[in-house]
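# Architecture at a glance
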Amino acid sequence: MKLQIQRQDGRTDTYEVPEYEGMTVLDALMWIREHHDPSLAFRFACRCANACKECIAVVDGKRQYTCTVAAVDEVEVAPLPNQPLLHDLAVDH
Amino acid sequence: MNRRDVTTDVLVIGAGAAGMYAAAEARRQGARVILLDKSMVGRGGATIMAQMTVAAAVGHAEDDSWQLHYADTLESGRGLNNEQLSALMCQDGPPRILESWERGVNWAQNGDKLDQVKAPGHSRKRCCYVGALQTGTGVVRGLKKELRRQEVESHDTTVVTDLIQDDQGAVVGAAALEVKEGVQVAFWAPSVILACGGLTELYARNSASVNMTGDAYALALGVQADLVDMEMVQFFPIANLAPRTIGLDPIMWDPFRYRLGGKLLNGEGEEFIERYAGVADEGTYTATRDVVTYGILKEVEEGRGSPAGGAWLDFTDLTREEIRDAFPAAYDRLLEQGIDVSERAVEVAPTAHYTIGGVRVDIDMRTNVPGLFAAGEAVGGQHGANRLSGNALTEAFVFGARAGEAAGGYAVKTVGGTPEPDATASAAMDEALATIAGVRGRNHDSDVFLPALRSRLKDIMWRNVGPFRDQDRLEVAREQIAEVREEFETRARVDQREAFNLEWQEWFELRGMLDVADLVRTAALARTDSRGAHQRDDFPQEDERLLANTVTRRTPEGSLDVRWEDVVTLDADPASWTPPPIDTDPRERTPR
Ligand SMILES: Cc1cc2nc3c(=O)[nH]c(=O)nc-3n(C[C@H](O)[C@H](O)[C@H](O)COP(=O)(O)OP(=O)(O)OC[C@H]3O[C@@H](n4cnc5c(N)ncnc54)[C@H](O)[C@@H]3O)c2cc1C
Ligand code: FES
């Protein structure tokens, strides 16, 4: 699948991420940190229980928890617009 | 260097249920309190993820007593419980549940009483819960109200890297990195409480959050605090394996089984738990967690696993309506993902779930190091060799409250404010903050990534120091952990930026995880029998001679020293036992 990430300073990075059944956008973001760019910043804690609510971002134009959205085909991720931006997708919320 | 100094009476590290409870109680002692979390307050740890129940003999659903709860807890612990801590947990659980109810935790009710249900290993209906799978969220919401009422100052996204000791060896502060802006913070406090939760993130398969990197144990090692039974890690038997679910708790099959029964089958479609538990499972779900974990992994090892390497969990004898009536939200969510559990079985497998061992404390939650307290999952001893379901949040409330009271009293009455740090402490703080500053940008053009190194370590732990252990695997782990450490020390990449630099934090997390991996491995090697959560293939029986606790401490030279200590007994009839009043005036400030 293809993940487009809005980075710092409005730059957009695109990554090809190998898919597996059940992979979420958060899984894809974590894969990118492990294999390509560990400097990529985003918030997350519980990873799949949807309990901590830290991973919220704008996914394909909608506010969603990245750990609940399936990573298939092409997905765009951007930080929440109305919160102080810390870095990349991480905001102070 | 971008440095800030902050002074308080009580510093609480970790804002789960234990830390939040501790902070509120320390405030009640008149202490100034700072509550820190490397993630977001109340959100980053295991507490918010707990979906099931909290055990306390409130006696609202049927006749119960804390002594019965205590007897169940000891039975599950297989002779290794610190009986004083177990008794404290069971005795003080009911008043804490009622108090938290008053303070704003919206426990499920039955009329004007609490609704209490039965959970595995408990002989009575004593497990409280919030809503439909809302226990953790309900607890956090309620405890946060209390923090606001007590005006507790909290700092999020702040990771503690080192504890600071004075000339006498007392802990007098902590060095931290505020990750949002990349500030090095010197926290000074005569009382410090470790409430950092467990170490499940050391394992490739785990049910808790990414933050459970075992920091409490690494910090304790750093100041020569004692750790008890670190070989005891609880593996939860039936975490979701396949098909992968999205947005659901990996261990939600537990309440499903508890309410609905269902069948646990091996790859050949046979019920197999009887072989290990000695009693048939028959949907009554009475076998304890360690037995089920062991059973599933043994079946897999002997070639009788499910396709993805676990066991089948089968509810297909039930109708769609029966399942939906019990779990409407979860059933519909599964259905949206194409999983109809009335039609198909799912695959489940063990996962690292909870840390049974931990920082060794006395009944006032004091460690052997003056000024240092601990609470919650970070503490060891109270569950012996196996934790009963529902006892973890009870422990977080009770031990959190006790630690807060003891630490508040110690800071206000014994020490009397925040003395100026002596030369030893100042120098140690300067050094710790300089290390933090020095890590930013370290090997920034290296291609050895911290998230990848961390995954490697987690695989090593899962394969060799996981639910099954033997001497060979533990020796392999020694070498492999050392290899990861070597790469970590020489080549791990850290980004250069200051703001929200995850690698900067992860460098300290992995430093601690490597130490804690060695710690668990060393204790697991020392315990040459199988008991509860600790299963040695080369020593499959319980050995009566090892009815004692492993206590590990880092020597001043840096090696790990394991000694055996007698189990702490109650030395009283539980019928008339009450916890001793908190000793807020322990005069000796020298290390014990
Ligand atoms: C999925 C799941 C379900 C569970 N269900 C139940 C249940 O139904 N009933 C039950 O009784 N128990 C349950 N448990 C266990 C229980 O949730 C935990 O044992 C308990 O919540 C631990 O509370 P705590 O306050 O000690 O730690 P946590 O809630 O884990 O909090 C520790 C906090 O410390 C922070 N921290 C760690 N290191 C540092 C550092 N260096 N600097 C700053 N902050 C730091 C972390 O970010 C975290 O927020 C469950 C656990 C899991 C994972
Ligand atoms: S990572 Fe916790 S809700 Fe998404």
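Every value quoted in this text rests on a predicted model; they were computed, and no experiment measured them. (Residues numbered from 1 in each chain as written. Chains lettered and ligands numbered in written order. Predicted model: local features only at pLDDT ≥ 70, side-chain atom pairs only at ≥ 80, totals over all residues. Heavy atoms only, no water.)

### Brief notes about the interface of chain B and chain A
Interfaces are frequently sized by the accessible area removed from exposure as the parts join. Of the residues lining the interface, 35 residues belong to chain B; the matching set on chain A comes to 37 residues. The largest share of the area that chain B buries against chain A comes from B:Arg244, B:Ile246 and B:Phe500, three residues that together contribute 23% of it. For the interface between chain B and chain A, the tally reads four salt bridges. Here chain B and chain A share 16 residue pairs in polar contact (both at pLDDT 80 or more) between them. Elements supplying a minimum of two residues to the side of chain B that touches chain A: α13 (450-464) and α15 (502-526) of chain B. The dominant element in the side of chain B that touches chain A, judged by the number of residues it contributes, is α13(B), at four residues. Tallied by class, the residues present in the side of chain B that touches chain A amount to 15 nonpolar, eight polar and twelve charged. (Contact = heavy atoms within 4.5 Å. Buried area = accessible area lost by both parts, 1.4 Å probe. Salt bridge = Lys/Arg side-chain N within 4 Å of Asp/Glu carboxyl O. Polar contact = N/O pair within 3.5 Å; in protein donor to acceptor, adjacent residues only side chain to side chain. Helix = DSSP H or I, 4+ residues; strand = E, 2+ residues; numbered from the N terminus. Nonpolar A, V, L, I, M, F, W, Y, C, P; charged D, E, K, R; others polar.)

### Here we look at the sheet that holds strand β1 (residues 2-6) of chain A
Strand-to-strand pairing in sheets goes through backbone hydrogen bonds, with the strands running parallel or antiparallel. All names here are of chain A. Reading across from one edge, β2-β1-β5-β3-β4 is the order of the five strands in this open sheet, with mixed pairing throughout. The two strands at the open ends of the sheet, each matched to only one other strand, are β2 (12-16) and β4 (62-65). The mean angle between the axes of side-by-side strands here comes to 35°, regardless of whether they run parallel or antiparallel. Strand contacts of helix α1 (residues 25-35): β1, β2, β3 (56-59) and β5 (74-78), with the helix running at about 80° to β1, the strand carrying the most contacts. (Pairing = 2+ DSSP bridges. Axes fitted to C-alpha atoms, helices over the stretch in contact; angles between N-to-C directions.)

### Here's the deal with the environment of A:His87
Assignment of secondary structure puts A:His87 in strand β6 (residues 85-87). For A:His87, a relative accessible area of 12% translates into the label buried. It is 18 Å that separates the C-alpha atoms of A:His87 and A:Glu34, two residues lying 53 residues apart in sequence. Non-local contacts of A:His87, meaning those with residues more than four positions away in its chain, are made with A:Gln8, A:Ala41, B:Arg497, B:Ala499 and B:Phe500. (Buried < 20%, exposed > 50% of the residue type's maximum accessible area, 1.4 Å probe, protein only.)

### As for the site of ligand 1
Residue and element names in this part refer to chain B. Around ligand 1, a shell composed of 40 residues is seen, among which Asp 37, Thr 47, Thr 53, Asp 215 and Glu 377 lie nearest. Met 52 has a polar backbone atom sitting 3.0 Å from an oxygen atom of ligand 1. Here an oxygen atom of ligand 1 and a backbone polar atom of Ala 392 are 3.2 Å apart. Look at ligand 1: alone it shows 1,000 Å² of surface, and the protein chains cover 99% of it. Listing elements by their share of the shell around ligand 1, those giving two or more residues are α1 (17-28), β9 (158-165), β17 (346-355) and α11 (391-415). Each residue belonging to the shell around ligand 1 can be placed in one class, and the counts come to 18 nonpolar, 16 polar and six charged. (Near = heavy atom within 4 Å. Areas by Shrake-Rupley, 256 points an atom, 1.4 Å probe, with all protein chains shown as cover.)

### Observations regarding the layout of surface pockets
The volume enclosed by the largest pocket comes to roughly 1,200 Å³. Contributing to the lining of the largest pocket are 35 residues, with A:Tyr20, A:Asp27, A:Met30, A:Arg47 and B:Ala204 lying nearest its centre. Those elements giving two or more residues to the lining of the largest pocket turn out to be α1 of chain A together with β14 (233-242) and α13 of chain B. The element best represented in the lining of the largest pocket is α1(A), accounting for six residues. Across the lining of the largest pocket, the residue classes break down as 17 nonpolar, seven polar and eleven charged. Its boundaries defined by the atoms lining it, the second largest pocket holds a volume of some 590 Å³. In terms of lining, the second largest pocket is formed by 27 residues, of which the most central are B:Thr161, B:Asp162, B:Leu163, B:Gly222 and B:Arg511. Taken together, the elements giving at least two residues each to the lining of the second largest pocket come down to β9, α5 (215-222), α12 (423-439), α14 (471-491) and α15 of chain B. The leading source of residues in the lining of the second largest pocket is β9(B), at seven residues. The residue inventory of the lining of the second largest pocket, partitioned by class, reads 13 nonpolar, five polar and nine charged. Counting the residues that make up the lining of the second largest pocket, at least three belong to each of domain 1 (3-232 + 356-427) and domain 3 (430-548) of chain B. (1 Å grid on protein atoms, 1.4 Å probe; cavity = no way out; pocket = protein on both sides within 12 Å on 5 of 7 lines; lining within 4 Å. Points joined across faces, edges and corners; volume = space filled by probe spheres on them. Domains from an automatic or database assignment.)

Honestly, that's just the spatial picture; any functional story needs more than this.
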